[in-house]
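Survey of secondary and tertiary structure
Below, each chain spelled out in residue letters.
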Amino acid sequence: MLSLLISLSFILLLLGISFAASKRYVKEKPALEKWIFVWLSFDFLIHLFLEGPFVYMSIFGRQVETSSGFLASIWKEYGKADTRWLYSDPTVVSIEIITVVLAGFLSFAVLYALVNDLPSRHFLQVLLCTAELYGDWMTFAPEWLVGSPSLVTDNPMYLWVYLTLFNGLWVVIPLLLLMQSYKFLQNAVSQYGHKKLQ
């Protein structure tokens, strides 16, 4: 129970940092943009400070199961729901390398574009959301195809909170952001077309 509280406290700390950053960097923006900033900031921090150390432990250190320290304890807690994270499953580690590097960079790039009202924001947001969705799919689809032997689904906490809620956020929110970017880009192309006809 203590490791669960420590893990959730760390996640809440990252979320709190994201909210604090939104008050500094996007205080003048509409509410929706503030919420998007919070999500992107949280996403960036998760990639950098949670998934980054997992990749480091898996490649340069020992497996999470034999590692010690604060971040190893968080991954050990998550490993109770998905044991692949304990033993540096090559598929999971490969996906996490791309996630940390590509999605980490893209989430920061979208944040920067959002704060500075850059026209590249929605293109970058589409790339980020696509990468996030692909990462979730490739993390779980291979496991589902072989009957989910590494997923602990008989424990409601592990199934609904760890596996469904925590991972589901990286499906639902990217889908919503994709819809937002689609509408923005569709409107921009439509306005450009009307101007050319005039």
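What counts, and at which threshold
- Residues numbered from 1 in each chain as written.
- Predicted model: local features only at pLDDT ≥ 70, side-chain atom pairs only at ≥ 80, totals over all residues.
- Heavy atoms only, no water.
- UniProt positions renumbered as here; feature names shortened; annotations may be inferred.
- Helix = DSSP H or I, 4+ residues; strand = E, 2+ residues; numbered from the N terminus.
- Salt bridge = Lys/Arg side-chain N within 4 Å of Asp/Glu carboxyl O.
- Buried < 20%, exposed > 50% of the residue type's maximum accessible area, 1.4 Å probe, protein only.
- Core = buried A, V, L, I, M, F, W, Y, C linked by side-chain atoms within 4.5 Å.

Some points on the UniProt feature "transmembrane region" (unreviewed entry) in the protein chain
Feature annotation in UniProt assigns "transmembrane region" (unreviewed entry) to the following positions: residues 36-56, 93-115 and 157-178. Secondary structure content for residues 36-56 is 100% helix and 0% strand, and the end C-alpha separation is 29 Å. Across residues 93-115 one finds 100% helix and 0% strand; the C-alpha atoms that close the span lie 32 Å apart.

What to know about the pattern of salt bridges
If charged atoms from side chains of opposite charge come close, those side chains can pair. What the rule picks out here adds up to five salt bridges. Taking the shortest distance from any N to any O, the salt bridge between D117 and K29 comes out at 2.6 Å. One end of the pair, D117, is in the loop between α4 (90-115) and α5 (121-145); the other, K29, is in the loop between α1 (2-25) and α2 (31-59), with 88 residues separating them in the sequence. Owing to a relative accessible area of 59%, D117 belongs among the exposed residues under this scheme. In this structure K29 comes out as buried when scored by relative accessible area, which is 16%. Between E33 and R121 there is a salt bridge, with its nearest N and O atoms 2.6 Å apart. Of this pair, E33 sits in helix α2 while R121 sits in helix α5, and the two are 88 residues apart along the sequence. Here E33 matches R121 in class, with each residue buried. Linked by salt bridges that have partners in common, D82, R84 and E143 make up one network.

Topic: the nonpolar core
Inside soluble globular proteins, nonpolar side chains tend to come together where they are buried. One finds L40, F54, W75 and Y78 to be the most contacted residues of the largest nonpolar core, which totals 43 residues. Contributions of two or more residues to this core are made by α1, α2, α3 (70-79), α4, α5 and α6 (156-197). Sorting elements by how many residues they give to this core places α2 first, with 11 residues.

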